[in-house]
There are 2 protein chains.
Amino acid sequence: MGELKQRGWGLIGASTIAAEHMVGAIRAQRGHDVVAVASSSAERAGAYAGRHAIAAAYDSVAALLADPAVDAVYISTTNELHHAQVLAAAAAGKHVLCEKPLALNLDDALAMVKACRDAGVVMATNHHLRNAATHRKMRELVQGGAIGKPLFARVFHAVYLPPHLQGWRLDKPGAGGGVLLDITVHDADTLRFILGAEPVEATGMSQTAGLAHEGLEDGVMAVLRFDNGVLAQLHDAFTVRHAGTGLEIHGELGSIVGRNVMTQRPVGEVLLRTGDGEVNVPVEHENLYVRGVAAFCAAIDGNGPPAATAEDGVRSLATALAVLEACRTAATARVARPAL
Amino acid sequence: MGELKQRGWGLIGASTIAAEHMVGAIRAQRGHDVVAVASSSAERAGAYAGRHAIAAAYDSVAALLADPAVDAVYISTTNELHHAQVLAAAAAGKHVLCEKPLALNLDDALAMVKACRDAGVVMATNHHLRNAATHRKMRELVQGGAIGKPLFARVFHAVYLPPHLQGWRLDKPGAGGGVLLDITVHDADTLRFILGAEPVEATGMSQTAGLAHEGLEDGVMAVLRFDNGVLAQLHDAFTVRHAGTGLEIHGELGSIVGRNVMTQRPVGEVLLRTGDGEVNVPVEHENLYVRGVAAFCAAIDGNGPPAATAEDGVRSLATALAVLEACRTAATARVARPAL
């Protein structure tokens, strides 16, 4: 074995998700460490750095990007900030793992992809769900023909937004709040991953049941048509406490039912129902974020693509934007498919 | 107790559903019997009468309606025939229990309602599902506040059309074939019953996966918005064998999950999930058709309305037609609400 290269990560955004999942996932990778954090509030950056034993705290992205100890950044600021931050990171030659949605519109997202490509840095989207053992198993079953030709999919992703996350998601349209940009992008990515197909059109209706404000939606039911003919229905919400989550694929010869699978935790089960009856398919659960960061780290070293590429992030955003357009115009919307 | 009135029923249509469910359900009512059957084929009528011990077999509706032993008719011909047959039955002074969809368009359905009203005969729609103990329990829970304000509903009614029913439903647009008029009407009626609310708009996408022909749909995923704000998603199909059926209502404080409940059989279970955990709510199953016919018989005697009125049949048809319009125009469609 060669000498292990030491890689330093900078966190752009002193966020809950970084604290709960990503700092640990990065530090679980051999040779990788979190060495810097930036927040617009110096006080918040400093406290966060102290809490997580991060060497450097910065009150600006520019300062963090100027730190030579930073090789890669994880961006988990509010969504309207991703665009400028990714461009700055690319210009500084840092690899980029960006939270979803990549941006608030496709033009910004495409500019981010291009900037990273031109700079020769890896850019990836932090869609965690395709790293789940459950979803990987469902993909393997579908693509292995276990249910014959897939005809329909259902995604149940209606949850109750935890109080500590009930900030901008509920009242900041300019920050990309609302259930569609927060949750629907995940459904889109997970379905693309499992089906190996692309959504082409979307329709749906949204709801504002009192949790969200300022014209934002806190619930949506949508239908997508994929380019392999599959119809998928989605139910995403911030407002229901006991619905549970799930993802199902129904085919000509059988059905796959994933229960409790739209979650950050390594849990859930996969059932396969065919003419032979129903079986609980064994899955070996593992930490979704550790797996995702591992693929990103390998990609930095030139070993394969990240789990969800920058392009995957563009596709999931395009899908969520189509659902949003359909809800707001009361007409079926095409899912944009820009050249990538 | 007064003297029991003897009531004779005529079957218009020597159908599978009459044989499998309705003849028995009528004969289970004290004082009621099936005394005549009409089919356009004299041979079929005769054989059917013999098989089910029905006294009279006719090769025309007119002949059956002229039989003084017939007090009420059960109509289960193909859908395009209902309109003229109900008008004829009303003119003959017979009470009418009609299969769904009542007709192929709202004008016809409204004319049927008016004809029966003017003739002073009872007209009802044979929506069996609202007679299920499971759906009655779910209605009781929702309307009793068990889950707080209801926000979302889901109906899973994707099945495999049994080979012996794979006739006109798959290739006769003129007979009202296709999954929407066959199944979506049931979803609409059941949701109206449980929610006590009216659908106001519909969107969706349909699919033809190879079972249906002649421009008919064999699968659909749709979204309805109700006048109480509830969004409902439907999945109806003729093409999947192992999806199971279900109906769920998700509210601010809890969820109700009905499993295996979109069926003609007295089966299925109802789960209630709230902050107190999940409980399996006891239901006392009973034959759906026997209960429905009992309410119809009581209505004939002036004792309350039928389980699903003629007006309920108009509403479910209006909803299915709105879904059909939405699928075909790729735009949200208003659910027509004619004065009744």
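The rules we used
Residues numbered from 1 in each chain as written. Chains lettered and ligands numbered in written order. Predicted model: local features only at pLDDT ≥ 70, side-chain atom pairs only at ≥ 80, totals over all residues. Heavy atoms only, no water. Helix = DSSP H or I, 4+ residues; strand = E, 2+ residues; numbered from the N terminus. Buried < 20%, exposed > 50% of the residue type's maximum accessible area, 1.4 Å probe, protein only. Contact = heavy atoms within 4.5 Å. 1 Å grid on protein atoms, 1.4 Å probe; cavity = no way out; pocket = protein on both sides within 12 Å on 5 of 7 lines; lining within 4 Å. Points joined across faces, edges and corners; volume = space filled by probe spheres on them. Nonpolar A, V, L, I, M, F, W, Y, C, P; charged D, E, K, R; others polar. Pairing = 2+ DSSP bridges. Axes fitted to C-alpha atoms, helices over the stretch in contact; angles between N-to-C directions. Buried area = accessible area lost by both parts, 1.4 Å probe. Salt bridge = Lys/Arg side-chain N within 4 Å of Asp/Glu carboxyl O. Right-handed = clockwise from strand over helix to strand, strands pointing away.

S.K.: Would you take a moment to explain unusual backbone geometry for this structure?
M.R.: Leaving glycine out, the prevailing phi sign among residues is negative, and the prevailing peptide bond configuration is trans. In the segment running from Lys100 of chain A into Pro101 of chain A, the intervening peptide bond is cis, with an omega of -15°. Phi is positive for Asn260 of chain B, close to 60°, though the residue is something other than glycine. Within the secondary structure, Asn260 of chain B is located in the loop between strand 12 (254-259) and strand 13 (269-274). Judged by its relative accessible area of 35%, Asn260 of chain B falls in the partly exposed class.

S.K.: What should I look at first to understand the environment of Leu317 of chain B in this one?
M.R.: Residues and elements named next belong to chain B. Looking at where Leu317 falls in the secondary structure, it is placed in helix 10 (residues 310-329). With relative accessibility at 0%, the residue Leu317 sits in the buried group. Spatially, the C-alpha atom of Leu317 lies 13 Å from that of Val113, the residues being 204 residues apart in sequence. The residues contacting Leu317, other than those within four sequence positions of it, are Pro101, Ala103, Asn105, Leu106, Ala109, Leu181 and Val185.

S.K.: It is not clear to me how empty space enclosed by the protein should be interpreted in this structure. Could you clarify?
M.R.: Scanning all chains against the criterion turns up five cavities of 30 Å³ or more. Its volume calculated, the largest cavity comes out at about 60 Å³. Leu97, Thr125, Asn126, Gly292 and Ala307 of chain A are the residues nearest the centre of the largest cavity, which is lined by 13 residues in total. Within the residue set of the lining of the largest cavity, elements represented by two or more residues are strand 6 (123-125) and helix 9 (288-300) of chain A. Here the element with the most residues in the lining of the largest cavity is helix 9 of chain A; it accounts for three residues. By volume, the second largest cavity amounts to about 50 Å³. Residue lining of the second largest cavity: Leu97, Ala124, Thr125, Asn126, His127, Asn131, Gly292, Val293, Phe296, Pro306, Ala307 and Ala308 of chain B, and that is the complete set. Elements that contribute at least two residues to the lining of the second largest cavity include exactly strand 6 (123-125) and helix 9 (288-300) of chain B. Within the lining of the second largest cavity, the residues separate by chemical class into seven nonpolar, five polar and no charged.

S.K.: Hey, could you run me through the sheet that holds strand 6 of chain A in this one?
M.R.: For sheets, the rule is that strands pair by backbone hydrogen bonds, running either parallel or antiparallel. All names here are of chain A. Spatial strand order, 3-2-1-4-5-6: six strands in an open sheet with parallel pairing. Strand pairing shows two members of the sheet lacking a second neighbour, strand 3 (56-58) and strand 6, which therefore form its edges. Put simply, the sheet's adjacent strands are angled 25° from each other on average, direction ignored. Sitting on the sheet, helix 1 (residues 16-27) touches strand 1 (7-12), strand 2 (32-38), strand 4 (72-75) and strand 5 (95-98), and the angle it makes with strand 2 is about 145°. Together, strand 1, strand 2, strand 4, strand 5 and strand 6 form the strand contacts of helix 9, whose direction differs from that of strand 5 by roughly 160°.

S.K.: What's the story with the interface of chain A and chain B in this structure? I'm lost.
M.R.: A common way to report how large an interface is uses the accessible area buried once the components associate. Taken together, the 47 residues of chain A in the interface contact 47 residues of chain B. For the pair chain A and chain B, the summed buried area comes to about 3600 Å², and 58% of that belongs to carbon and sulfur atoms. Its largest share of buried area at the contact with chain B, chain A owes to Met205, Met221 and His242 of chain A, together 22% of the area lost on that side. Taken together, the links from chain A to chain B amount to zero salt bridges. Secondary-structure elements contributing two or more residues to the side of chain A that touches chain B are strand 7 (150-158), strand 8 (199-207), strand 9 (219-226), strand 10 (231-237), strand 11 (246-251), strand 12 (254-259) and strand 13 (269-274) of chain A. When grouped by side-chain class, the residues that make up the side of chain A that touches chain B number 23 nonpolar, 18 polar and six charged.

S.K.: How should the pairing of strand 5 (residues 95-98) of chain B be read in this particular structure?
M.R.: Where a strand is regular, its side chains alternate between the two sheet faces. Residue and element names in this part refer to chain B. Neither face of strand 5 is left uncovered, since the one carrying His95 and Leu97 and the one carrying Val96 and Cys98 both have all their residues buried. As judged from the four bridges shared by strand 4 (residues 72-75) and strand 5, these two strands associate in the parallel manner. The residue bridging Tyr74 from the neighbouring strand is Leu97, located in strand 5. In this view, the connection linking strand 4 to its parallel neighbour strand 5 by way of helix 4 (residues 82-91) has right-handed handedness. In this structure, strand 5 lies alongside strand 6, joined through three bridges in parallel fashion. Opposite Leu97, over in strand 6, you have Ala124 as the bridge partner. Viewed along the sheet, the connection from strand 5 through helix 5 (residues 106-119) into strand 6 turns out right-handed.

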